[in-house]
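Architecture and fold: a report
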Amino acid sequence: MARLVFMGRLEDVAGMGEMAVQAGPVEQVLAGLDPALAVELLGEKVRMALNGKLLTDMGGVVLVEGDELAFLPPVSGG
Amino acid sequence: MARLVFMGRLEDVAGMGEMAVQAGPVEQVLAGLDPALAVELLGEKVRMALNGKLLTDMGGVVLVEGDELAFLPPVSGG
Amino acid sequence: MNWRFCLRSAVAEVRLALSPFDPAAEIAGFNARHPHAGGIVTFLGQVRAGGGVEALELQHYAPMTLPGMEELARIAQERWPVEGLLIVHRSGVMVPGDAIVLVCAAARHRRDAFAAADFAMDHLKSESWFWKREKAAQGWRWIEPRPEDHEDLSRWG
Amino acid sequence: MNWRFCLRSAVAEVRLALSPFDPAAEIAGFNARHPHAGGIVTFLGQVRAGGGVEALELQHYAPMTLPGMEELARIAQERWPVEGLLIVHRSGVMVPGDAIVLVCAAARHRRDAFAAADFAMDHLKSESWFWKREKAAQGWRWIEPRPEDHEDLSRWG
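Heads up: these notes are all about the structure in this document. (Residues numbered from 1 in each chain as written. Chains lettered and ligands numbered in written order. Predicted model: local features only at pLDDT ≥ 70, side-chain atom pairs only at ≥ 80, totals over all residues. Heavy atoms only, no water.)

Turning next to the overall build of chain C. Along the backbone of chain C there are four helices and nine strands. Counting helices and strands in the order they occur from the N terminus, chain C gives β-β-α-β-β-α-β-β-β-α-β-β-α. Taking 2.2 N^0.38 as the reference for a compact globule, 157 residues should give roughly 15 Å; the C-alpha atoms of chain C span a radius of gyration of 15 Å, in line with that estimate. By residue count, 58% of the 157 residues in chain C fall in the buried class. Pairs at least 24 apart in sequence give 75% of the contacts found in chain C among residues at least 6 apart. With the model as given, the accessible surface of chain C reaches about 6400 Å², and the carbon-plus-sulfur share is 53%. Distance between charge centres in chain C, computed from 18 positive and 20 negative side chains, equals 2 Å. (Helix = DSSP H or I, 4+ residues; strand = E, 2+ residues; numbered from the N terminus. Rg over C-alpha atoms; globule rule 2.2 N^0.38 Å. Buried < 20%, exposed > 50% of the residue type's maximum accessible area, 1.4 Å probe, protein only. Contact = heavy atoms within 4.5 Å. Areas by Shrake-Rupley, 256 points an atom, 1.4 Å probe, with all protein chains shown as cover. Lys, Arg positive; Asp, Glu negative; His and termini not counted. Charge placed at Lys NZ, Arg CZ, Asp CG, Glu CD.)

Given below as structure tokens:
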């Protein structure tokens, strides 16, 4: 199993903060989600981090056992 | 009598912080001082304040009884 | 406090606070640790009282938020000769009056302290891994960065 | 404290301190008085420890120094929408570690608080009625403003 993490407003869209998914190519993992959620996760302003490292390109990424893929909408601190 | 006030390094030059002087035209008052002190007081960077108000021009200023004329070298706070 | 949430170097201390912190005590402690600095600039951001906001929540993402703050402190120290730098940022649910963020910068010359604190705040605001939402009468609402926040960032080149 | 040495308006408080003051307590009090401000910037200037300076003296000229500081506070309030402004400046003889000047600015938006504090400090440094001398091993020496201080001032147009 791998894990998807939804930060900020994406947590509201997903209805949960994280989700366990089958390991495999990211495209395949996303194809298995509610399409409304998948569309939001692929939004232009959403960044992704694999095990805490930003991905510059999700093409070809394959989640292996224990991986954590986080979806990061625009930040706002302070 | 009127009073001259020497701030900052001018106090060291004068050897005192203030000096009682006879009322009268400023030029006349300065002429009565030690010339070495008078030269410093007339230095380009020294400003003057009469009773707490900056003078833009000392020409024609006459000290009357109780006046306080302050000599203000470049400031440095903070 | 977990070791993951606290970094101390000779110059910088960076903390992610998971519960309320006392900014006045932090400032007093920072000042006491930096008698050699001529100038100390502090910025305190707090949840505004009286603006209709009942609560504010900041989320962080543990694998990235504190490392990002540490990197920010490192960059600020490289750019300005600071003698001390403290960054404390809350995560969790806050109420009006609660401190959100505190930045203290100590330097020999005041312009360096101002610049380092200002720089750190601009980057914490719109380039650190936090997500913010406010609770008002209408319920919770996520806050996205304003265009001004990005303009502020662009000042630093 | 003599009435001449303290001004309080709804927004600004300006003080000329003739004896040591506790900056941490001043900051804590200021923060507590401004729960409505989103951001509070403070600047503390202190006599540097360890720089070979044994003592520092600041002279003021009573008829002009506090009125000049009050005018500075008025101008800062006109230029930036601050909700609170505190300026405390020491006069007299100080030793390393003593506070010289404290500026606190509270505003809804952090950039206003930064600008008001920065502006006030630049003007206190080189355009307020103080004269400064330092005592080191060689004895007392009067300090004149540096060219940088005038450049700092010119930033404000």
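For Asp152 of chain D, the location among the structural elements is in helix H4 (residues 147-154). If we ignore the near neighbours within four places in the chain, the residues touching Asp152 of chain D are Arg110 and Arg111 of chain C together with Asp122 of chain D.

What follows is about the interface of chain C and chain D. Of the residues lining the interface, 35 residues belong to chain C; the matching set on chain D comes to 35 residues. Three residues stand out in chain C for area buried against chain D, namely Arg48, Arg110 and Phe114 of chain C, and they jointly supply 23% of the buried area on that side. Run the count over chain C and chain D and you get eight salt bridges. Between Asp152 of chain D and Arg110 of chain C there is a salt bridge, with the nearest N and O atoms lying 3.4 Å from each other. Our enumeration of links across chain C and chain D arrives at 21 residue pairs in polar contact (both at pLDDT 80 or more). The set of elements that each furnish at least two residues to the side of chain C that touches chain D consists of helix H1 (23-33), strand S3 (39-46), helix H3 (110-127) and helix H4 (147-154) of chain C. By residue class, the composition of the side of chain C that touches chain D is 14 nonpolar, ten polar and eleven charged. Bridge analysis of S3 of chain C against strand S3 (residues 39-46) of chain D gives seven bridges, and the strand direction is antiparallel. The partner of Ile40 of chain C across the bridge, within S3 of chain D, is Leu44 of chain D. (Buried area = accessible area lost by both parts, 1.4 Å probe. Salt bridge = Lys/Arg side-chain N within 4 Å of Asp/Glu carboxyl O. Polar contact = N/O pair within 3.5 Å; in protein donor to acceptor, adjacent residues only side chain to side chain. Nonpolar A, V, L, I, M, F, W, Y, C, P; charged D, E, K, R; others polar. Pairing = 2+ DSSP bridges.)

Distances and angles like these do not, on their own, reveal function.
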